[in-house]
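Examining the three-dimensional arrangement
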Amino acid sequence: MIAILGLAVGVVVGLLVQPTVPVELQPYLPIAVVAALDALFGGLRALLDGIFNDRVFLTSFLSNVVVAAFIVFLGDQLGVGTQLSTAVVVVLGIRIFSNAASIRRHLFRA
Amino acid sequence: MAQRHAPVTAPRAVDESMTLLNELQRRPLDPGYAEAAARRAAAPSRARGGVAWVLVVVLSGTLGVGVAAAAVVLRQPTADDRQARQLLEAQVQQRKDEVQRLSASNAALAAEVSTLQQSALSGTDPALLATTQRWSIAAGTAPVTGPGLRIVLSDAQAAAADPENLDLRVQDVDLQVLVNGLWAAGAEAIAINGQRVSGTTAIRSAGSAVLVDLVPLVGPYTVDAIGGASDLQTKLALSSAGQHIATLRATYGIGVSITAQATLHLPGSGATPLVAASVPDDALAAAGLAGPTPAAGVPESGPDNKEVP
């Protein structure tokens with residue numbers, strides 16, 4: 001729970017302060033945000049399943065973002081950056097959809 | 001008895017070839033959550049240390065700031081677009097400054113040339129100086145002043161509401177007709193928005209701008225013509241150019257104002273370098289320019305590239 005609260009506080013602070021992101025990191029931002037969304041939906045579902053765990057949430061969040069950015073970086077180096085980005089988005093998108101469906105079942109019992 | 005097949009431990013799934021998709025669909029949740037839950041169920045939960053608590057707060061806060069920053073950056077126009085725009089703006093400004101600098105230097109040089117010409121010729125050959133001055137008025141290179149007619153053409157009021165309709169705007173052809181009509185009516189010098197119209201001046205359009213002598217002008221267009229004001233006005237009204245202007249005013253609502261001016265100052269256009277044309281020797285002799293001492297009388301670097309022996 002503390003992790004989700006901390007995340008919410010961090011988002012508010014980030015929106016207020018508007019820190020600048022280094023230009024070198026900017027190509028990886030879209031994929032990193034999608035990966036963060038995936039971890040967020042996973043955490044929400046785990047919360048509703050009653051098995052939420054701060055440490056698992058944070059590690060999955062961090063590793064998702066880092067791995068997704070790394071895959072894009074690797075793809076850029078190999079010249080298949082766009083295709084790999086698409087693959088990552090497809091996989092994460094499917095997961096987000098399934099988790100969202102599960103959350104919906106929890107919330108609305110339907 | 002030897003088995004012909006390996007023992008089947010589990011029934012083969014029908015969709016075994018799609019394990020990746022199945023995995024994604026059926027277990028979208030990080031398995032870590034289930035493991036952690038199982039661990040907690042096995043061992044009674046112990047109180048978490050203060051250090052771990054602080055770590056969780058700091059890490060989650062950092063991640064939140066990062067996500068917010070990323071989202072904010074992604075919503076802005078990309079830095080590349082901005083940079084390209086800034087670069088183009090800087091280039092446009094730079095070229096504008098350069099044009100301004102060059103036209104200023106061009107005007108200064110033309111003034112210097114005419115001063116030098118005057119000082120060189122006034123002592124040696126006053127007749128040639130007079131001829132040169134008379135011709136430079138006709139050629140449009142010398143600034144002139146005198147009474148004349150000022151005609152202002154402005155876009156129709158409706159043009160602002162209908163920017164696509166070119167009929168409501170003053171076009172290059174209107175200025176061409178007007179300038180030709182003024183020449184025909186006996187104008188001695190003409191300028192449009194301060195651009196002197198000489199024998200080689202083109203009036204044309206590029207996009208929505210009217211170019212006079214390759215300089216883009218914006219409306220309203222002020223056409224100054226030096227000559228007898230009443231005479232010019234009468235002859236212009238009787239000519240086909242006058243009819244054209246009347247049509248512009250009546251049909252398209254283009255603003256036309258014609259006023260007589262006691263004094264008009266028209267600038268000189270820059271010297272027109274002649275690239276291909278030259279004056280043959282016998283014509284020079286006939287004009288009386290090739291006098292007994294032509295080399296002394298005519299400076300080598302005249303305003304034109306005319307080949308003078």
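Below is a summary of the structure that appears in this document. Remember, it's a predicted structure, so these values are computed and weren't measured experimentally.

Our next topic: the interface of chain B and chain A. Note: interface size is frequently given as the accessible area lost on complex formation between the parts. At the junction of the two partners, chain B supplies 29 residues and chain A supplies 38 residues. Mapped by element, the contributors of at least two residues to the side of chain B that touches chain A are helix H1 (19-26), helix H2 (31-42) and helix H3 (50-75) of chain B. Take the side of chain B that touches chain A: its biggest share by element is 18 residues, from H3(B). A per-class count over the side of chain B that touches chain A returns 22 nonpolar, six polar and one charged.

This paragraph deals with the sheet that holds strand E6 (residues 215-217) of chain B. All names here are of chain B. Reading across from one edge, E4-E5-E6 is the order of the three strands in this open sheet, with antiparallel pairing throughout. Two strands bound the open sheet, and with one partner strand each, they are strand E4 (203-206) and E6. Taken over all neighbouring pairs, the strand axes of this sheet differ in orientation by 40° on average, direction set aside. Strands in contact with helix H6 (residues 172-184) are E4 and strand E5 (209-212); relative to E4, the strand with the most contacts, it is inclined by about 175°.

This part is about the environment of Val177(B). Residue and element names in this part refer to chain B. Note that Val177 resides in helix H6. Using a count of 20 C-beta atoms within 10 Å as the deciding quantity, one classes Val177 as buried. Separated by 65 residues in sequence, Val177 and Gly242 have C-alpha atoms that sit 9.0 Å apart. In contact with Val177, not counting residues within four places along its chain, are Ala241 and His244.

Once that is clear, we can look at unusual backbone geometry. Residues and elements named next belong to chain B. A positive phi angle, near 45°, is found at Asn193, a position not held by glycine. Following the sequence through the fold, Asn193 ends up in the loop between strand E2 (189-192) and strand E3 (195-197). The exposure class of Asn193 is partly exposed, given the 17 C-beta atoms found within 10 Å. Of note, Leu214 is a non-glycine position whose phi angle comes to about 70°, a positive value. If you trace the backbone, Leu214 turns up in the loop between E5 and E6.

This brings us to the pairing of strand E1 (residues 144-154) of chain B. Bridge count between E1(B) and strand E8 (residues 255-266) of chain B: ten bridges; the pairing is antiparallel. Bridging from a neighbouring strand, Ser154(B) pairs with Gly255(B) of E8(B).

Viewed as axis vectors pointing N to C, helix H2 (residues 29-49) of chain A and H3(B) meet at an angle of 135°, and their least axial separation amounts to 10 Å. Judged by the inter-axis angle, H2(A) sits oblique to H3(B). Seen along the crossing, H2(A) lies across H3(B) with a hand that is left-handed. Packed against H2(A), whose contacting residues are Leu29(A), Pro30(A), Ala32(A), Val33(A) and Ala36(A), the element H3(B) presents Val67(B), Ala70(B), Ala71(B), Val73(B) and Leu74(B) at the interface. Its residues placed into classes, the contact of H2(A) with H3(B) shows ten nonpolar, no polar and no charged.

How each quantity is defined
- Residues numbered from 1 in each chain as written.
- Chains lettered and ligands numbered in written order.
- Predicted model: local features only at pLDDT ≥ 70, side-chain atom pairs only at ≥ 80, totals over all residues.
- Contact = placed C-beta atoms within 7 Å.
- Helix = DSSP H or I, 4+ residues; strand = E, 2+ residues; numbered from the N terminus.
- Nonpolar A, V, L, I, M, F, W, Y, C, P; charged D, E, K, R; others polar.
- Pairing = 2+ DSSP bridges.
- Axes fitted to C-alpha atoms, helices over the stretch in contact; angles between N-to-C directions.
- Buried ≥ 20, exposed ≤ 12 C-beta atoms within 10 Å, placed from the backbone.
- Parallel < 35°, antiparallel > 145°, perpendicular 65-115°, else oblique.
- Left-handed = near helix turned anticlockwise from the far one by under 90°.

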